[in-house]
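# Remarks on the overall topology
Below, each chain spelled out in residue letters.
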Amino acid sequence: MTQFSIIFLLILCADSGLKLWLNLRQKHAIHKSFNQVPVPFDQHITLEEHQKAARYNLAKLTENRYELAYSALLVLIFTLGGGIDWIAQSFNLANYPLTSEVLLIVIYTLFNSLLVLPFSYYSTFKIEQRFGFNNTTLKLFIVDLIKGTLLGLVIGVPLLYLVMWLMNNLGNQWWLWVWGVLVVFNLLILIIYPTFIAPLFNKFTPLEDLELKAKIEQLLTTCGFKSQGVFVMDGSKRSSHGNAYFTGLGASKRIVFFDTLLKQLTQEEIIAVLAHELGHFKHKHILKQMIISFGITLLGLYIFSLLINQVWFYAGLHVSQISNASGLLLLFILTGLISLPLAPLSSFMSRKNEFEADNFAKAHADKQDLINGLVKLYRDNASTLTPDELYVKFYYSHPPASVRIRNLEQ
């Protein structure tokens, strides 16, 4: 075992230990408030509903602890256990080196997806089912899995071929070209997703409520937002959780409401929730997040370009043959282990964006309607009302319920 192998083990233990500690802190925070609905929710959420949410989130935390241990074991198997090296040697096509590299990444991805599938199944058909949120049938679960896998292969394999070719043929500046390809690819996905990809999994129909549609169009005109239309998604065929979102880029932008959300909220509350989403658009949050994401990708590719030919990097993770494909996989695994300490910064920026969007909504809709809508969503989605403060800093992209409502009431 090399010095880097020991460092890698320490990083893995630190990552798993931090995640477990945060998980246990969250568990303690939920238990602490189990028998009392916190203010200001005590007038809107019953103790029974509050305790249901607590049991739901505790069940998810328990599953997460098992998944943490299992994921750490998989990392060890694929790295120090020689898993990636075994795949590379087993699927090595001597006369087709480029195809061999693509195969390594594809086979690893399929193996890893298959190995974590039991947790996805348990979450859907045990936890979500037990608490009355799951509407997914086993047939739909399998169809989604097959569709997702085929779509990933159709889109991902050509991209992998291009990336591997660039890395093999463009010398030391390959990382700049690969970055450019990834930027263009992501922008294209954003454009085609609403009209070509999303409809493969869900049905999207134009909003039929003419009164609500007129109110939405008036709000859009006031805010200067142009979209391809307002659509309702049949989210209820998989889950009873409600949501709304913007999707697409440029002329392909559209507004999507889950059918469950339209049943949960009044028209005024829907308008207020939409005003919040428009706040993200007006403050250019999506654009800023894209720029940050592209910047991080560029930095990651540059760092990898420095490691790509380092024998100690591969030897320390028990990969005998140096290749661009195995190097990318090792970098992907290592990045996943060192990213958690940076999570508080990312989460802070995301929560800041949510406050800005809420403040925008207050200026273009009734803040009480937004508060009422949020309370209903917290209740119906069984969200934790009293999360651990440190857990929030690492994992919460949205402010905790009480903090968010306090800001709206100011």
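Located above this text is the structure these notes cover.
Quick look at the structure, then. (Residues numbered from 1 in each chain as written. Predicted model: local features only at pLDDT ≥ 70, side-chain atom pairs only at ≥ 80, totals over all residues. Heavy atoms only, no water.)

### Notes on the nonpolar core
- Counting residues in each nonpolar core, the largest one holds 44 residues, and the members touching the most others are Phe41, Ile216, Ile255, Phe257, Leu274 and Leu278.
- Secondary structure elements with two or more residues in this core: α7 (210-223), β2 (230-233), β3 (244-247), β4 (254-258), α9 (267-282), α13 (343-364), α14 (367-380) and α16 (401-409).
- Of all the elements, α9 adds the most residues to this core, at seven residues.
- In this view, Phe257 contacts Ile216, Val230, Phe231, Val232, Met233, Asn243, Ala244, Leu262, Ile270 and Leu274; residues no more than four positions away in its chain are not counted.
- Core analysis: the next-biggest nonpolar cluster, separate from the first, contains 41 residues, Leu159, Trp175, Tyr314 and Leu331 among them. (Core = buried A, V, L, I, M, F, W, Y, C linked by side-chain atoms within 4.5 Å. Buried < 20%, exposed > 50% of the residue type's maximum accessible area, 1.4 Å probe, protein only. Helix = DSSP H or I, 4+ residues; strand = E, 2+ residues; numbered from the N terminus. Contact = heavy atoms within 4.5 Å.)

### Comments concerning the sheet that holds β4
- The four strands lie next to each other as β1-β2-β4-β3, forming an open sheet whose pairing is mixed. The strands lining the two open edges of the sheet, one partner per strand, are β1 (204-206) and β3. Pairwise comparison of adjacent strand axes, ignoring direction, gives a mean angle of 35 degrees for this sheet.
- Note that β3 and β4 share four bridges and pair antiparallel. Bridge pairing links Ala244 to Phe257 in β4. (Pairing = 2+ DSSP bridges. Axes fitted to C-alpha atoms, helices over the stretch in contact; angles between N-to-C directions.)

### A short note on helix α3 (residues 83-90)
- Taken residue by residue, α3 has Gly83, Ile84, Asp85, Ile87 and Ala88 as its buried positions.
- Here the buried face of α3 lies against α2 (47-78), α4 (97-130) and α12 (324-338).

### Looking at the packing of aromatic side chains
- Counting across every chain of the model gives 18 aromatic pairs.
- The interplanar angle of 75 degrees and the centroid separation of 5.3 Å between the aromatic rings of Phe125 and Phe141 together place this pair among those described as edge-to-face. Of this pair, Phe125 sits in helix α4 while Phe141 sits in helix α5 (residues 138-169), placing them 16 residues apart in sequence.
- On the basis of relative accessibility, which here comes to 15%, the residue Phe125 falls in the buried class.
- Note on Tyr391 and Tyr396: the rings are 6.2 Å apart at their centroids and 80 degrees apart in plane angle, and the pair reads as edge-to-face. Both residues of the pair, Tyr391 and Tyr396, count as buried. (Phe/Tyr/Trp six-rings, centres within 6.5 Å; stacked < 30°, edge-to-face > 60°.)

### Side note on the packing of α4 against α12
- Their axes nearest at 8 Å, the elements α4 and α12 cross at an angle of 30 degrees. As the angle between them shows, α4 and α12 are arranged roughly parallel. Residues Glu101, Leu104, Ile105 and Tyr108 of α4 form the contact with α12, whose participating residues are Asn324, Ala325, Ser326, Leu328, Leu329 and Ile333.
- Of the residues assigned to the contact of α4 with α12, the class counts are seven nonpolar, two polar and one charged. (Parallel < 35°, antiparallel > 145°, perpendicular 65-115°, else oblique. Nonpolar A, V, L, I, M, F, W, Y, C, P; charged D, E, K, R; others polar.)

### Focus on the side chain of Ser347
- With respect to the element layout, Ser347 can be found in helix α13.
- We classify Ser347 as buried; its relative accessible area is 8%.
- From its side chain, Ser347 meets the backbone oxygen of Phe394 in a polar contact 3.1 Å long.
- Setting aside chain neighbours within four positions, we find Ser347 in contact with Val392, Lys393, Phe394, Tyr395 and Tyr396. (Polar contact = N/O pair within 3.5 Å; in protein donor to acceptor, adjacent residues only side chain to side chain.)

### Section: α16
- Regarding α16, the residues found buried are Ala401, Arg404, Ile405, Asn407 and Leu408. Taken end-on, α16 shows its buried residues confined to a sector of 155 degrees, consistent with a single buried face.
- Tucked inside the fold, the buried residues of α16 contact α9, α13 and α14. (Arc of directions from axis to C-beta.)

### Structural notes on the side chain of Arg351
- Locating Arg351 in the fold gives a position in helix α13.
- Buried charge Arg351 goes without a salt bridge, the closest partner of opposite sign being Glu389 at 8.9 Å.
- Ignoring any residue separated from it by four or fewer positions in sequence, one finds Arg351 in contact with Val392, Lys393, Tyr396, Ser397, His398 and Pro399. (Lys, Arg positive; Asp, Glu negative; His and termini not counted. Salt bridge = Lys/Arg side-chain N within 4 Å of Asp/Glu carboxyl O.)

### Some points on the pairing of β2
- Every second residue of β2 is oriented toward a common face, with Val230 and Val232 on one face and Phe231 and Met233 on the other, all of them buried.
- With three bridges joining them, β1 and β2 adopt antiparallel strand pairing. From the neighbouring strand, Pro206 faces β2, where its bridge partner is Phe231.
- In this sheet, β4 lies alongside β2 in parallel orientation, the contact comprising four bridges.

### As for empty space enclosed by the protein
- A complete count under the given rule lists two cavities of 30 Å³ or more for this structure.
- In this structure, the largest cavity encloses a volume near 60 Å³.
- Lining the largest cavity, in full, are Ile30, Ser33, His50, Ala53, Ala54, Asn57, Ser383, Thr384, Leu385 and Thr386.
- Considering every element that reaches the lining of the largest cavity, the biggest residue donor is α2, with four residues.
- For the lining of the largest cavity, the class distribution of residues is four nonpolar, six polar and no charged.
- If you add up the space inside the second largest cavity, you get close to 50 Å³.
- Of all the secondary-structure elements, those providing two or more residues to the lining of the second largest cavity are α2 and α14. (1 Å grid on protein atoms, 1.4 Å probe; cavity = no way out; pocket = protein on both sides within 12 Å on 5 of 7 lines; lining within 4 Å. Points joined across faces, edges and corners; volume = space filled by probe spheres on them.)

Shape descriptors only; they carry no functional weight alone.
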